[in-house]
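Commentary on secondary and tertiary structure
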Amino acid sequence: MRDFKNDDGHMIFGGMRAADIADKFGTPVYVTDENILRENYRRIYGVFSKHMPTRVHYACKANSSLAVLKILEQEGSHIDAVSIGEVLTCMKAGFPASRILYTGTCVSTPELKAVADLGVMINIDSVSELERLAKINPNIPISIRVTPGIGSGHSDKVVTGAKGSKFGIPIDLAMGTFRRAMELGLKVKGIHAHIGSGGKGIGPLIDAVAVLIDLTNQIRDELEIELEFINMGGGIGVPYRPNEPEEDLEELAATVTDMILNDTSVGILALEPGRYVVCDSTVLLTRCVDVKKSGVKNYVCVDAGFNTLIRPAFYDSYHHVAIANKFNKAGTGKYDVVGPICESGDFLAKDRALPAPEDGDIVAVYNCGAYSFAMSSTYNSRPRCREVLVKDGKAELIRGSETMDDLWRHQTIPERLLK
Ligand SMILES: Cc1ncc(COP(=O)(O)O)c(C=O)c1O
């Protein structure tokens with residue numbers, strides 16, 4: 001977990017006092033540091049590409065804000081998109097179709113056609129999708145997603161590679177599917193597995209690559225298909241807690257590239273990090289609006305709930321919190337940080353030592369770049385919040401707060417009810 005500087009009791013983020021950003025733009029607000037984003041992308045690309053040609057497909061489900069995408073487009077990233085909406089959003093940010101790979105799940109024929117019509121490569125998730133694409137356009141390049149029988153993730157809800165998963169082609173059907181793709185005249189370029197998100201340790205990722213390598217060689221020997229790339233998916237975990245070690249990226253890159261270079265004739269490694277690229281680039285700033293004691297617990301009531309950040313409530317995820325304007329003060333008591341959503345499951349953090357909070361304080365929630373704004377909602381009729389980009393002491397609004405009109409825009413009351 002990244003540490004931030006303290007300036008006279010104030011947390012510094014992107015060269016600015018976090019509390020000043022909150023005062024200027026209002027709360028709740030997601031604030032992204034452009035320098036961290038670029039640094040993360042360059043680190044992961046550099047670690048793998050020094051061993052072999054590498055394509056980093058940023059998994060934009062983690063954070064699909066246009067400004068974030070534009071920065072990664074400038075860095076030369078490729079994209080992993082899981083919906084036609086993500087494909088179109090990335091294209092709006094300037095990504096050409098040639099840098100996007102579409103990996104859908106439960107893909108409808110209209111969506112498949114829409115993606116194919118844009119000329120985007122499709123990572124096939126089921127045999128039916130393969131058959132349908134062959135009828136729509138057999139000239140679209142494809143890769144095939146297999147379920148390696150290895151899963152890993154920070155929660156059961158995000159494990160995707162285990163046997164029986166809804167994602168991908170089961171391993172025992174993989175050869176038959178590649179054969180069928182050949183019969184249908186499809187242009188198969190690669191093989192893919194994504195085993196889950198944010199799991200601990202690099203072992204399962206390496207084991208999954210070993211499965212892909214075995215299949216790649218079987219495909220070459222039995223079907224005479226020379227694949228261009230092996231795509232190991234995303235899933236690299238990041239530390240959310242203070243003093244938690246980082247995953248050994250150097251070891252992961254050295255091991256998988258060595259396996260691919262020594263055991264196959266494949267020329268490109270693709271990977272799809274989402275969390276790794278964006279997670280620690282962003283903090284959520286939320287204002288303390290009340291402090292309550294229940295006799296059992298102390299509550300810091302803030303203006304962001306699970307409508308703004310759902311990960312703690314949904315996955316029981318840990319996000320580090322600090323009071324940005326009391327950054328040099330030690331904790332004096334234990335508090336739950338809770339929000340304005342009318343459910344007892346609405347919390348951002350539990351049992352945290354914090355300096356005595358007061359109304360108006362700014363609570364900074366760390367590691368909110370991935371699966372945070374992207375998973376926010378308007379539950380309880382609370383419009384989605386704003387986003388700000390900071391760089392070297394300058395802050396710019398990259399998304400304004402939604403308004404009540406945005407919430408009502410597509411609704412109508414039938415005439416007859418108005419009489
Ligand atoms: C197909 C695919 N690739 C990549 C990712 C990114 O995972 P992470 O953000 O853990 O790197 C996901 C996320 O679940 C995914 O579904």
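This text goes with the structure placed above it.
The following refers to the structure shown.

Most of strand E4 (residues 29–33) sits out of view: 5 of its 5 residues are buried. Where burial is concerned, the two faces of E4 agree: the one with Val 29, Val 31 and Asp 33 and the one with Tyr 30 and Thr 32 are both buried. Relative to strand E14 (residues 282–293), E4 is paired through 4 bridges, and the arrangement is antiparallel. Bridge pairing links Val 29 to Leu 285 in E14. Where E4 lies against strand E20 (residues 386–391), 5 bridges are found, and the strand directions are parallel. From the neighbouring strand, Val 29 faces E20, where its bridge partner is Arg 386.

Below, the discussion takes up the packing of helix H2 (residues 34–49) against helix H3 (residues 66–75). Remark: H2 packs on H3, axes separated minimally by 10 Å, with the N-to-C direction vectors making an angle of 40 degrees. In this view, H2 runs oblique relative to H3, as classed from their interaxial angle. The chirality of how H2 crosses H3 is right-handed. For the pair H2 and H3, contact is made by Glu 34, Leu 37, Arg 38, Tyr 41 and Arg 42 and by Val 68, Ile 71, Leu 72 and Glu 75, respectively. Looking at side-chain class alone, the contact of H2 with H3 contains 5 nonpolar, no polar and 4 charged residues.

Buried within helix H6 (residues 127–136) are the following residues: Glu 129, Leu 130 and Leu 133. Looking down the long axis of H6, one finds its buried residues gathered within 100 degrees of arc, a one-sided arrangement. Across from the buried face of H6, at angles greater than 90 degrees, the exposed residues are Ser 128 and Lys 135. The inward-facing, buried residues of H6 abut helix H5 (109–117), strand E8 (121–124), strand E9 (141–147) and helix H7 (171–183).

For helix H1 (residues 18–25), the complete set of buried residues consists of Ala 18, Ala 19, Ile 21, Ala 22 and Phe 25. Seen along its axis, H1 keeps its buried residues to an arc of 160 degrees; they face one direction. Within two residues after H1, Gly 26 carries a phi angle of roughly 90 degrees, on the positive side.

A word on the sheet that holds strand E1 (residues 6–7). Here 3 strands make up an open sheet; going across it, the order is E1-E2-E3 and the pairing antiparallel. One side of each edge strand has no neighbouring strand; the edge strands of this open sheet are E1 and strand E3 (16–17). Pairing of E1 with strand E2 (residues 10–13), which is carried by 2 bridges, proceeds in the antiparallel orientation. Opposite Asn 6, over in E2, you have Met 11 as the bridge partner.

Rules behind the numbers
- Residues numbered from 1 in each chain as written.
- Predicted model: local features only at pLDDT ≥ 70, side-chain atom pairs only at ≥ 80, totals over all residues.
- Buried ≥ 20, exposed ≤ 12 C-beta atoms within 10 Å, placed from the backbone.
- Helix = DSSP H or I, 4+ residues; strand = E, 2+ residues; numbered from the N terminus.
- Pairing = 2+ DSSP bridges.
- Axes fitted to C-alpha atoms, helices over the stretch in contact; angles between N-to-C directions.
- Parallel < 35°, antiparallel > 145°, perpendicular 65-115°, else oblique.
- Left-handed = near helix turned anticlockwise from the far one by under 90°.
- Contact = placed C-beta atoms within 7 Å.
- Nonpolar A, V, L, I, M, F, W, Y, C, P; charged D, E, K, R; others polar.
- Arc of directions from axis to C-beta.

Function-wise, these values are silent; they only describe arrangement.
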